[in-house]
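Next come the chains, spelled out residue by residue.
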Amino acid sequence: MTGFIQITDTHIVSPGALACGRSDTAEALYRAVATINAKLPSLDGIDCVIVTGDLTDHGAPEEYAHFTSIMAELERPWLAVPGNHDTREPMRAAFPGAAWMPTQGPIHWVRELGPFAIVGLDTLQEGARHGALGSDGLAFLDTALDDLGDKPVIVATHHPWIHAGIPAMDTDNLHDGAQLMARLEAYPGPIRMISGHVHRAVVGQIGRITCQIGPATCHAVLTDHHAARDPQLVLEPGAITVHRWVETPSPGFVSDVIPIGAFSGPWPFTD
């Protein structure tokens, strides 16, 4: 089996600060990195970690430096796409040696992991909460999918296209998602979309495409299905998502949400 781990919405702030005055996002990311490192011996074929946006809370250089210092402990390489809380040029400047980072323009990339590939797409619209790919992003995706033929693909974005049922978040999703989805539907091979932004674990189906939102490493967004309410922060436990390509009983993607932290066990299922 081959796979990767998705983390999302780390929202790192300056050292010593709390996001929204309440959430210790740095401690949450330290615990996420420690959890991943502890789990790696029991996880098969984990190639890398993908960060699906909102690495920082304000897109400031000192926040990216803080993020980098925490991620330095991670025992796998990592790649990232920006979210609406990021700023593109400070993010680019923070990771100048990263092979996946383009030297200019949107932060799109492709990584091949043996039996499947990941296409990372930049949905950031600076100054806005919603996301969009625009003509450049859609053209990058067209080229990537043409090059991949019918190889299994995961498309990674910050902003989702599915509605999570939280109106305050759903209005700020991917505004040209219908154009993205038409391309995914037309792709001849297996394909899935993963995203962040909502700070909750959500799975939906659009046509034949499974669309999955990963939970944040730090605070969650309150599940509130009522309209006309601002999103609310809740200090629920963070989590990571493991995505794998499996061959049996039939080839396909399998995902597993793992809570962050150290817990009692394991023990055998015996009395």
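All of these numbers come straight from a predicted model, not from anything done at the bench.

## Notes on the pairing of strand β6 (residues 153-156)
Step number 1: Side-chain alternation along β6 places Val-153 and Val-155 on one buried face and Ile-154 and Ala-156 on a second face that is also buried.
Step number 2: One ladder, built from four bridges, connects strand β5 (residues 116-120) with β6; its direction is parallel. Along β6, the bridge assignment pairs Ile-118 with Ile-154.
Step number 3: Handedness of the crossover joining β5 and β6 through helix α4 (residues 134-148) is recorded here as right-handed.
Step number 4: Relative to strand β7 (residues 191-195), β6 runs parallel, the two being bridged by four bridges. Each residue of the ladder has a partner; that of Val-155, found in β7, is Met-193.

## What to know about the pairing of strand β12 (residues 239-246)
Step number 1: The element β12 is extensively covered by neighbouring structure, given that seven of its eight residues are classed as buried.
Step number 2: Of the strand pairs in this sheet, strand β1 (residues 2-7) and β12 are connected by five bridges, and their pairing is antiparallel. The partner of Thr-2 across the bridge, within β12, is Trp-245.
Step number 3: Across eight bridges, β12 lies against strand β13 (residues 252-259) in antiparallel orientation. Counted as the bridge partner of Val-246 is Gly-252 from β13.
Step number 4: Hairpin connection, β12 to β13: the antiparallel pair is bridged by five residues.

## Notes on the environment of Trp-245
Step number 1: In this fold, Trp-245 is placed in strand β12.
Step number 2: Counting along the chain gives 95 residues from Trp-245 to Asp-150, while the straight-line C-alpha distance between them is 15 Å.
Step number 3: A distance of 2.9 Å separates a polar atom in the side chain of Trp-245 from a polar atom in the side chain of Glu-247.

## Concerning the sheet that holds strand β3 (residues 78-81)
Step number 1: With respect to topology, five strands assemble into an open sheet ordered β3-β2-β1-β12-β13, the strand pairing being mixed. Each end of this open sheet is capped by a strand with a single partner; those strands are β3 and β13. Within this sheet the neighbouring strands show an average axis-to-axis angle of 25°, counted without direction.
Step number 2: In this sheet, β3 lies alongside strand β2 (residues 46-52) in parallel orientation, the contact comprising four bridges. Paired with Ile-50 across the two strands is Leu-79, which belongs to β3.
Step number 3: Along the sheet, helix α1 (residues 25-39) makes contact with β1, β2, β12 and β13, crossing β1 at roughly 165°.

Reading guide: rules and limits
- Residues numbered from 1 in each chain as written.
- Predicted model: local features only at pLDDT ≥ 70, side-chain atom pairs only at ≥ 80, totals over all residues.
- Heavy atoms only, no water.
- Buried < 20%, exposed > 50% of the residue type's maximum accessible area, 1.4 Å probe, protein only.
- Helix = DSSP H or I, 4+ residues; strand = E, 2+ residues; numbered from the N terminus.
- Pairing = 2+ DSSP bridges.
- Right-handed = clockwise from strand over helix to strand, strands pointing away.
- Polar contact = N/O pair within 3.5 Å; in protein donor to acceptor, adjacent residues only side chain to side chain.
- Axes fitted to C-alpha atoms, helices over the stretch in contact; angles between N-to-C directions.
- Contact = heavy atoms within 4.5 Å.

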